[in-house]
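Coordinates in review
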Amino acid sequence: MSDDVEMYPRLVVRDADAALAFYTRAFGAEVTERYVAPGGSVVHAMLRVGGVGFAVKEADAVDPAPTDGSVPVIMAWYVPDADAAAARMVDAGAEALVPVTDHEYGDRAGRLRDPFGHLWMVAQRIGDRPGT
């Protein structure tokens, strides 16, 4: 594998500019790239949270946004304080689906849905993982 290979998640959303505002507020993300089509829709925006990057694009006929009950990916976000991160997401407009709690596999984690239908696992490591 070449060193110039890059892989990152790409989230398809309805109202990409609102999604960029949410991710900036909820995660402290920085928008590092933003490209629009002649009609004004966001065809690619890159965000960075710490050392992690992910992309956002406006839904279209080729790439539909997720609908209730149909989410193709769950984003995992490991942070120093899962409770604070989840509260920040809820404050920015996310819905808490599973409260942040301690789990037997060594994480404190919860599940949230952002206003655009994507699921996020917010977690922090609190202990050793069994079997590791």
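Before reading further, recall that the structure is shown in the block above.
First, a word on what this report is: a plain description of the structure on this page. All figures in this text were calculated on a predicted structure; none of them were measured in a lab.

Scoring rules and cut-offs
Residues numbered from 1 in each chain as written. Predicted model: local features only at pLDDT ≥ 70, side-chain atom pairs only at ≥ 80, totals over all residues. Heavy atoms only, no water. Core = buried A, V, L, I, M, F, W, Y, C linked by side-chain atoms within 4.5 Å. Buried < 20%, exposed > 50% of the residue type's maximum accessible area, 1.4 Å probe, protein only. Helix = DSSP H or I, 4+ residues; strand = E, 2+ residues; numbered from the N terminus. Contact = heavy atoms within 4.5 Å.

One finds Tyr23, Phe27, Phe54, Val56, Trp77, Met89 and Trp120 to be the most contacted residues of the largest nonpolar core, which totals 30 residues. Counting only elements with at least two residues in this core, the list comes to β1 (10-13), α1 (16-27), β3 (42-49), β4 (52-58), β5 (74-78), α2 (82-92) and β8 (119-125). In this structure Trp120 touches Leu11, Tyr23, Phe27, Phe54, Ile74, Met75, Trp77, Met89, Gly110, Arg111, Leu112 and Asp114, once residues within four positions along its chain are discounted.

On to the environment of Thr32, then. Here Thr32 lies in strand β2 (residues 30-36). In the structure, Thr32 is positioned 21 residues away from Gly53 in sequence and 9.3 Å away in space, judged by C-alpha atoms. Setting aside its immediate chain neighbours within four residues, Thr32 contacts Met46, Leu47 and Arg48.

Keep in mind that these numbers describe shape and distance, not what the molecule does.
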